[in-house]
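Topology and contacts: notes
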Amino acid sequence: GEVVLVKVFPFEEGGTDRSVPAFERQARRVAELTHPALAPLVDFGTLKAAWGEPLCYVVEHCAPGPTLGDVVEARLPATQAAPLVRPLVDGCIYLRAHGHWVDVPAHEVFIQAPRQIKWGVFGLQPLPADRIPSALADVHRLYPELNTAA
């Protein structure tokens, strides 16, 4: 079977940015994104919780495994971290070009293979234009010798 990541969000009815219609707009935009570093959004929807409030959910393809956060915490040698830098940078560039400048925490970047990473975009926090995603900041801080590779 396929391994998926399910994210559930409690939302409010009405017209706020945390409303069900806003969730559905964002989910449709994210579902259109296609990049090797991004976990595809395969399903999304809304369910009514037992207490009557809507619960919105997204389902993303994402294989289990260690995360970039694990690499950062373990302080692996730069030679082991280097193959992850290019796909991370490429994915962040793709997101920015498509209007999704969001924070990408290292603990949400799953290592799929030696040179392959994936992360889900939905639910990540927007970033100001002058900030870089925290996963890139972590790599920059811990592996300055890799900055020329990025």
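Residues numbered from 1 in each chain as written. Predicted model: local features only at pLDDT ≥ 70, side-chain atom pairs only at ≥ 80, totals over all residues. Heavy atoms only, no water.

1. Re the packing of helix α3 (residues 78–97) against helix α4 (residues 134–142)
- The interhelical angle for the contact between α3 and α4, taken along N-to-C directions, is 145 degrees, at an axis separation of 10 Å. For α3 against α4, the interelement crossing comes out left-handed. Residue-level contacts link Val 85, Leu 88, Val 89 and Cys 92 of α3 to Ala 135, Leu 136 and Val 139 of α4.
- Here the contact of α3 with α4 is composed, by residue class, of seven nonpolar, no polar and no charged. (Axes fitted to C-alpha atoms, helices over the stretch in contact; angles between N-to-C directions. Helix = DSSP H or I, 4+ residues; strand = E, 2+ residues; numbered from the N terminus. Left-handed = near helix turned anticlockwise from the far one by under 90°. Contact = heavy atoms within 4.5 Å. Nonpolar A, V, L, I, M, F, W, Y, C, P; charged D, E, K, R; others polar.)

2. Topic: the sheet that holds strand β1 (residues 4–10)
- Strand order in the open sheet formed by three strands is β1-β3-β2, and the pairing between neighbours is antiparallel. At either end of the open sheet lies a strand with only one pairing partner, and these are β1 and β2 (41–48). Strand-to-strand twist across the sheet, computed as the mean angle between neighbouring axes with direction ignored, equals 20 degrees.
- Looking at chain direction, β1 and strand β3 (residues 54–61) are connected through seven bridges and run antiparallel. Looking at the pairing, Val 6 lines up with Val 59 of β3.
- Contacting β1, β2 and β3, helix α1 (residues 20–31) runs over the sheet at an angle of about 170 degrees to β2. (Pairing = 2+ DSSP bridges.)

3. Notes on the nonpolar core
- Within the largest apolar cluster, 41 residues are counted, with the highest numbers of intra-cluster contacts made by Leu 68, Leu 88, Val 104, Val 109, Ile 117, Trp 119 and Tyr 143.
- Contributing elements (two or more residues each) for this core: α1, β3, α2 (68–74), α3 and α4.
- Residue contributions to this core peak at nine residues, all from α3.
- Excluding residues that lie within four positions of it along the chain, Leu 88 makes contacts with Leu 68, Val 109, Ile 117, Trp 119, Ala 135, Leu 136 and Val 139. (Core = buried A, V, L, I, M, F, W, Y, C linked by side-chain atoms within 4.5 Å. Buried < 20%, exposed > 50% of the residue type's maximum accessible area, 1.4 Å probe, protein only.)

4. Some points on empty space enclosed by the protein
- Enumeration over the complete set of coordinates arrives at two cavities of 30 Å³ or more.
- The volume enclosed by the largest cavity comes to roughly 40 Å³.
- What lines the largest cavity is Val 30, Leu 33, Leu 38, Ala 39, Pro 40, Leu 41 and Val 121.
- Size it by volume and the second largest cavity reaches roughly 30 Å³.
- Leu 68, Ala 81, Leu 84, Val 85, Leu 88 and Val 139 together form the lining of the second largest cavity.
- In terms of residue count, α3 provides more of the lining of the second largest cavity than any other element does, four residues in total.
- In terms of residue class, the lining of the second largest cavity is built from six nonpolar, no polar and no charged. (1 Å grid on protein atoms, 1.4 Å probe; cavity = no way out; pocket = protein on both sides within 12 Å on 5 of 7 lines; lining within 4 Å. Points joined across faces, edges and corners; volume = space filled by probe spheres on them.)

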